[in-house]
Each structure stands twice: as structure tokens, then as C-alpha cells.
Amino acid sequence: MALNFGRPQLSIPGPSVIPDRVLARMHQPSPNIYEGDLIGLTTSLFPDLQEVAQTRHTPVIYIANGHGAWEAALTNTLSRGDTVLILSTGSFANGWGEMAEELGVTIETIDFGANSDADPQIVQDRLAQDKTHTIKAVMTTQTDTASSVQNNIPALRAALDGAAHPALFMVDCIASLGCDRHEMDAWGVDVMVAGCQKGLMTPVGLSFVFFNDKAAEAHKSADLITRYWNWDTRANPDMFYKIFCGTPPTHHLFGLREALDMLVHEEGIKAAWARHERFARSLWAAMDVWAEGGVLHMNVADPAKRSHAVTTIMTAPGQATRLRNWCEEKGGLTLGVGLLPAGSPEWDSVFRIGHMGHLNIPMMMGTLGTIDAGLKAMGIPHGQGALQAASQIISEHDF
Ligand SMILES: *Cc1c(COP(=O)(O)O)cnc(C)c1O
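These lines cover the structure that appears in this document, whether it is placed above or below.

From N to C terminus, the protein chain includes 13 helices and 12 strands. For 399 residues, the compact-globule estimate of 2.2 N^0.38 gives 21 Å, and the protein chain sits close to it at 21 Å. Once the C-alpha set of the protein chain is aligned to its principal axes, its extents read approximately 60 × 55 × 45 Å. Looking at the protein chain as a whole, 58% of its 399 residues are labelled buried. Of the roughly 16,100 Å² of accessible surface on the protein chain, 54% is carried by carbon and sulfur atoms. Placing the 28 positive and 43 negative side-chain charges of the protein chain at their respective mean positions leaves the two points 2 Å apart.

This is how it looks when you write it as C-alpha cells:
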């Protein structure tokens, strides 16, 4: 018997659940792309994206997933032969670094492991040694989606400042924007990349690059610039079509408009951060109870270093995969795979829960309740009372 006749629940760290309102808004005929409502709708997105990122700088929008924004950030600011410093806390900063390397940029990586954040003192010490300022950019993730480590972005900014180093500070917020607090301007981030399919609840296909005046200055001497990714023509278009270097992504724009109505105008970005924090804490409380069984544990021990949007969980070998399969087949809940190389011994002992974007109490408790049932069905040792612990956190009455 399966118990999965109902609405499926996708609890993976992107793409996230798309609100029905976003889907409905996209269900309309192709609009006029030369004049009319689409122009105003497009223009209206920018201030809301600025609010989400807490910046006065207007982003450029690419018809691409997050990897596209990665490439855009690199090609707009760097030149062949430049050196960049990658701060690795899992796997995503490395992926961004590999892309830089293929473009002809030299990469130097500081590997902080996959259980803790980038240590600002180590970063500062390394930058202080770079007296000739060979390093042109410091690149990292706010949240690494594989490890679920969250870096302390203001502390890393302080490390650059402490070393009086002029490198650009480039941050990947693809998994954190709209979920975890981010204040691009106040935190001194020079280039920030994000996508629409995680915290922004829109089908994958749009990504964003935010850049400040310092990054715009670096653009002037970058020799990796290509016509399509060039942010200058997109940021200063003399014709509407130049915003997208071609036909605008009409239906994604409709969807994003609806999502930003919900996130910025109805909920408010600060309330969204608080909601994500609350749900994250409820999950951690459940995890602490499950961990009493001696088998499951969260990858990141220190709550201050955890993402509020994704949680990576370790099990004994094989259990993670069996649990995921049970939840999906019997319960209608899809959990995230561990992002370790498939086939490696670790692959089967890691899973991830995405708790980002369109998420309310029944969705969160439904995910936790399904996992709890799966642990019992699979005979995986776990402490009793996880749901009780989660609902206690959720019930704290200040919202
Ligand atoms: C999802 C993700 C990416 C990759 O985004 P795609 O849309 O899959 O290209 C990069 N970095 C982080 C931190 C992510 O979470």
C-alpha cells in the first residue's frame, strides 16, 4: 500500500515549490514584446529585486540558470591570467572556480572543509601576504547547497578590509537570496549572483547579477567580456530588447512579478527571513531528537553556521537512499540527494532537506512527519518526539 495519493511535496534545495499563483500568472498568451504592459512589468521588477538583495544597485537579468550568472559575473569583471581566491565550504564555490579556470583565470582555493564556514582570519592572513595584489577577486557562497554551510559574509568583508586588499568580493547567493538575511550594500559585497528557482519561487530560467560601482570599474578593463553576457549593454539599454540581448523571457517575467508581489509586497523580505529562520530551527529541533537514536546527524554542528534554506543530514551507509526512496514512493515526499560523487561510499549516506521559498506550517510539518514515518518504516534508529519538538518551536508566539 502506498499513501501518496495527494499533492506531492518537493523538499529539495532547488528548484523549490512554485506557488500556484505564480503558475497561474504564467498561464497566458504571449504578449507584445515591443510595446505595452510587458515594458512596465519588466521595469517594475528591478526595485523589488533590489529590496530582496538590500541594494541600491540595479541587477541585470539573464535568461539562464545559476551557472549562467556565474559565467556572467566572471566574464564581466576578469581577464585571462588574473588570479582569484576561492573560499570553499562544500562544493559550489569550487564549481564557480572551475568555470573561472576554464576561462583562463588562475584559481587558488582555500578549502575550509564541508562542515564549517570560511575562517575570516585565514582569509585575511592570505590576503595580507598578497602585497602585489595579484588576487583580483575573492569568491565564495553565502550558502553552500551541498554542505548547507552558511558563511559569515560581513566577517569575510571585514577580512578583505583588514588586509586593505582591493580584490572584488563576489558572493553566490543562489541558495540564500530571499531566505537568509542578505544586505549587499551594508555588507560590502561587490558582485552578487542569484537565481529565480530557489528562494524566489519561479521556474528555473532567470538569474541575476548585482554589481556595485567598484565592480563596474573593473568591467572597464576586463578582457573576458562577450557580447551576450556583457552587463553594460543590459544595464544601460537604449532599446528594450537590449535588457535581455534579444527576446525577453516573457512568461518568466510574469511568474517573477507574481513571486515578488508575494515576497516583497505581501510578506516583506524581513518577514521572509524570519519565517525561514523559524522553519529552520523547527527542523533542527526535530533533527536533535532524531539524532538521539545515534545514527542521524546534521552535517553542520554549529547552528550559527547553518543555512536557513537547506539542511544536509548524514546517516549510516545506505540509509539515506532507502529513506529518500521510501518517502517518495510511499509518501509523495521528494528529498534532496547528497551532493557527493555518485558511486562514492558517501553517496548513500547523505540526504538534504530543502526548506526554502514557498513554505508554510503544513508543508514543513508534512515533510518532517513523512521523514519520521520513513525512519520507523525503515527501522532506522531515531529518538522519539521529533515532531513535538518541531511544533514547539513553530508555536513560539511572536508572529
Ligand atoms: C543551485 C545553486 C547553484 C547552481 O544553480 P543552477 O541554477 O543549478 O545553475 C549554484 N550555487 C548555489 C549556491 C546553488 O545553490
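That was the structure; now back to the text.
A few words now on the nonpolar core. One finds L87, V138, L177, M192 and F208 to be the most contacted residues of the largest nonpolar core, which totals 55 residues. Broken down by element, this core gets its largest block of residues, eight residues, from helix α9 (residues 250-267). When neighbours within four sequence positions are excluded, F208 is seen to be in contact with L49, V60, I61, A69, M192, V193, A194, G195, C196, L200 and L256.

On to the environment of Q197. Looking at the secondary structure, you find Q197 in the loop between β7 (191-195) and β8 (206-211). With a relative accessible area of 9%, Q197 lands in the buried category.

What follows deals with the site of the ligand. Around the ligand sit N65, G66, H67, W70, F92, T143, T145, D172, I174, A175, Q197 and K198, and those are all the residues in its vicinity. Within the side chain of N65, an N or O atom sits 3.3 Å from an oxygen atom of the ligand. In this structure, K198 approaches the ligand through a side-chain N or O atom, which is 2.6 Å from an oxygen atom. No other element matches the three residues that helix α3 (residues 66-77) contributes to the shell around the ligand. Of the residues in the shell around the ligand, the class split is four nonpolar, six polar and two charged.

Summed over all chains, the structure comprises 21 salt bridges. Of the charged contacts, one joins E217 and K220 as a salt bridge, the two residues approaching to 3.0 Å between their closest N and O atoms. Given the relative accessible area of 47%, E217 is considered partly exposed. We classify K220 as exposed; its relative accessible area is 64%. The residue D238 makes a salt bridge to K242 at a minimum N-O spacing of 2.8 Å. Since its relative accessible area comes to 26%, K242 is described here as partly exposed. Salt bridges sharing common partners tie together R21, R25, D48, R257, E258, D261 and E266.

It is worth spelling out the pairing of β8 at this point. For β8, the buried fraction is high: six of the six residues fall into the buried class. Of the two faces of β8, the one holding L206, F208 and F210 and the one holding S207, V209 and F211 are both buried throughout. Two elements, strand β2 (residues 60-63) and β8, share four bridges in a ladder whose sense is antiparallel. When the bridges of β8 are listed, V60 appears paired with V209. By the bridge criterion, five bridges tie β7 to β8 in an arrangement that is antiparallel. Counterpart to G195 in the pairing with β8 is S207.

On the secondary structure map, D144 appears in the loop between β5 (135-141) and α6 (153-162). Buried and unpaired, D144 has no salt bridge, with R352 as the nearest side chain of opposite charge at 6.9 Å. In terms of polar contacts, D144 uses its side chain to reach the backbone amide nitrogen of F92, at 2.8 Å. A distance of 2.8 Å separates a polar atom in the side chain of D144 from the backbone nitrogen of A146. Aside from chain neighbours lying at most four places away, what touches D144 is T89, G90, S91, F92, A93 and V149.

Cut-off values and rules
Residues numbered from 1 in each chain as written. Predicted model: local features only at pLDDT ≥ 70, side-chain atom pairs only at ≥ 80, totals over all residues. Heavy atoms only, no water. Helix = DSSP H or I, 4+ residues; strand = E, 2+ residues; numbered from the N terminus. Rg over C-alpha atoms; globule rule 2.2 N^0.38 Å. Buried < 20%, exposed > 50% of the residue type's maximum accessible area, 1.4 Å probe, protein only. Areas by Shrake-Rupley, 256 points an atom, 1.4 Å probe, with all protein chains shown as cover. Lys, Arg positive; Asp, Glu negative; His and termini not counted. Charge placed at Lys NZ, Arg CZ, Asp CG, Glu CD. Core = buried A, V, L, I, M, F, W, Y, C linked by side-chain atoms within 4.5 Å. Contact = heavy atoms within 4.5 Å. Near = heavy atom within 4 Å. Polar contact = N/O pair within 3.5 Å; in protein donor to acceptor, adjacent residues only side chain to side chain. Nonpolar A, V, L, I, M, F, W, Y, C, P; charged D, E, K, R; others polar. Salt bridge = Lys/Arg side-chain N within 4 Å of Asp/Glu carboxyl O. Pairing = 2+ DSSP bridges.

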